[in-house]
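Observations on the model geometry
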Amino acid sequence: MIRFTTFIGLVALQWPAHAQPAGAQAEVLFRDGRALMTAGKYAEACAAFEQSQKLDPANTTLINLAGCREKAGQLATAWGLFLEAERQTRTAKDASTQKLHDLAMDRAKKLEPRVSKLAINVPDKSKFDGLEIARDAERIDSAMWNRALPIDGGAYSISARSPGANTWSTQITVAPEGDTKTVEIPDLRNLPRDLTPKPIAIKPSAKSIEPEVESPAPRRSNVAPIAMAVGAVVMVGGAAGFLVWGNRTYDDAKAETADQTRRDTLYVSAASTPSFRDARRDGTVDA
């Protein structure tokens, strides 16, 4: 029995040696947060304050965390933290805690008008059993529908779903300060449903694209028709010229009465012209 009691006592003495002092760690993290804030490293400072508050909650740490979130542009989160600090110190009796209460209340009051808001409206026609709405991965309870609620600035995905109905989603961006956005949820039951999977079009790389070579259609050369047309024009013109020349020679032969030899020569010349000879045969020229 004595040995057993002695063993329990030894365990009790040894246990604190393995436990880490949360208060000391929280103090170091708090100091690091203050130094990081001064250096303008707000993201790292907020992480240090948050971890310090988890290890050893304190009103001073909470207010510093709220101020850090404000510096980082997370105004809605900062406003909520100032309100939480104000609530925790509302019944303060000592002067130091009362000062923290007044500080938290004043900061929250000044910050409230700057906070952006987002309203997710769900009309009565869009409400039905099983409807679930989410902002990114966070489910939005029905009590939060149709209300303009504080939100930090940033890009958000708003989605709605229900068993047996289509899933709907949209993207929205909220400004960090003084913005108000509204998203209206449609009636999922009236959305068109396409249960046929659509193939994904894969764009081939430039190296794999081979140009399509079409067989050239036989092209008719315009050279031969043009040459024939020109030849025809020349022939017609030449024939007309010969005919005029033949008529003139024939007329000169008829007019020649003094020199019979010259008259005969002109008749022979006119008769030797093919166009004139054909014209006489057809009766278009007087013999």
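Note: the structure precedes this text.
Here the structure is a predicted model, which is why all the values come from computation and not from measurement.

Criteria and thresholds
- Residues numbered from 1 in each chain as written.
- Predicted model: local features only at pLDDT ≥ 70, side-chain atom pairs only at ≥ 80, totals over all residues.
- Heavy atoms only, no water.
- Helix = DSSP H or I, 4+ residues; strand = E, 2+ residues; numbered from the N terminus.
- Buried < 20%, exposed > 50% of the residue type's maximum accessible area, 1.4 Å probe, protein only.
- Contact = heavy atoms within 4.5 Å.
- Areas by Shrake-Rupley, 256 points an atom, 1.4 Å probe, with all protein chains shown as cover.
- Axes fitted to C-alpha atoms, helices over the stretch in contact; angles between N-to-C directions.
- Parallel < 35°, antiparallel > 145°, perpendicular 65-115°, else oblique.
- Left-handed = near helix turned anticlockwise from the far one by under 90°.
- Nonpolar A, V, L, I, M, F, W, Y, C, P; charged D, E, K, R; others polar.
- Disulfide = S-S within 2.5 Å.
- Salt bridge = Lys/Arg side-chain N within 4 Å of Asp/Glu carboxyl O.
- Pairing = 2+ DSSP bridges.

Counting its regular elements, the chain contains 9 helices and 7 strands. In the chain, buried positions account for 27% of the 287 residues. Summarising the internal contacts of the chain: among those between residues at least 6 apart in sequence, 55% fall at separations of at least 24. Of the roughly 20,200 Å² of accessible surface on the chain, a fraction of 57% belongs to carbon and sulfur atoms.

Turning our attention to the packing of helix H2 (residues 22–38) against helix H4 (residues 59–71). Look at H2 against H4: their axes get within 11 Å of each other, and the N-to-C directions meet at 30 degrees. With respect to their mutual orientation, H2 and H4 come out roughly parallel. In this structure, the crossing between H2 and H4 has a hand that is left-handed. From H2, Phe30, Arg34 and Met37 reach across to H4, where they touch Thr60, Thr61, Asn64, Gly67, Cys68 and Lys71. Class assignment for the residues of the contact of H2 with H4 results in 3 nonpolar, 4 polar and 2 charged.

Scanning the model with the defined rule gives 1 disulfide in all. Across the disulfide, Cys46 is cross-linked to Cys68 (sulfur-sulfur distance 2.2 Å). Every disulfide takes its handedness from the sign of the S-S torsion; for Cys46 and Cys68 that torsion is -110 degrees, giving left-handed. Of the two residues, Cys46 is situated in helix H3 (residues 42–55) and Cys68 in helix H4; the sequence distance between them amounts to 22 residues. With a relative accessible area of 1%, Cys46 lands in the buried category.

Attention now moves to the pattern of salt bridges. In the structure shown here, the tally under the stated rule is 13 salt bridges. One salt bridge connects Lys127 with Asp124, and the closest N-O pair in it is separated by 3.5 Å. Ionic contacts of the salt-bridge type, sharing partners, join the residues Glu70, Arg107, Arg114 and Glu177 into one network.

Quick look at the packing of H2 against H3 now. At a minimum axis distance of 8 Å, the contact between H2 and H3 shows a crossing angle of 160 degrees. When the interaxial angle is binned, H2 and H3 end up roughly antiparallel. When the axes of H2 and H3 are compared, the crossing they make is left-handed. Of H3, the residues touching H2 (which contributes Ala22, Gln25, Ala26, Leu29, Phe30, Gly33, Arg34, Leu36 and Met37) are Tyr42, Glu44, Ala45, Ala48, Phe49, Gln51, Ser52 and Leu55. For the contact of H2 with H3, a count of residues per class yields 11 nonpolar, 4 polar and 2 charged.

Right, let's talk about the environment of Ile172 for a bit. Here Ile172 is to be found in strand E6 (residues 168–174). Considering only alpha carbons, one finds Ile172 and Ala155, 17 residues apart in sequence, at a separation of 5.7 Å. Not counting chain neighbours up to four residues away, the residues in contact with Ile172 comprise Leu118, Gly154, Ala155, Tyr156, Ile158, Lys181, Thr182 and Val183.

Relative to the elements of secondary structure, Val115 occurs in the loop between helix H6 (95–111) and strand E1 (117–121). Residues Val115 and Gly153, spaced 38 residues apart in sequence, show a C-alpha to C-alpha distance of 8.9 Å. If sequence neighbours within four positions are ignored, Val115 has contacts with Leu75, Ala76, Trp79, Pro150, Ile151 and Gly178.

Two modes of strand pairing occur in sheets, parallel and antiparallel, and in both the strands are linked by backbone hydrogen bonds. As summarised here, the arrangement of the 4 strands in space is E3-E2-E5-E6, forming an open sheet in which the pairing is antiparallel. Strand pairing shows two members of the sheet lacking a second neighbour, strand E3 (138–140) and E6, which therefore form its edges. Ignoring which end each strand starts from, the neighbouring axes of this sheet average 30 degrees apart. The sheet contact formed by strand E2 (residues 132–135) and strand E5 (residues 154–161) spans 4 bridges and is antiparallel. In the sheet register, Glu132 faces E5, and the bridge partner there is Arg161.

Strand order in the open sheet formed by 3 strands is E4-E1-E7, with mixed pairing between adjacent strands. Whereas interior strands pair on both sides, the edge strands pair on one side only; in this sheet they are strand E4 (148–150) and strand E7 (180–184). Strand after strand, the sheet turns through a mean of 25 degrees between neighbouring axes, direction not considered. Relative to E7, E1 runs parallel, the two being bridged by 5 bridges. Bridge pairing in E7 places Ile120 opposite Val183.

Worth remembering: the numbers are spatial, not functional.
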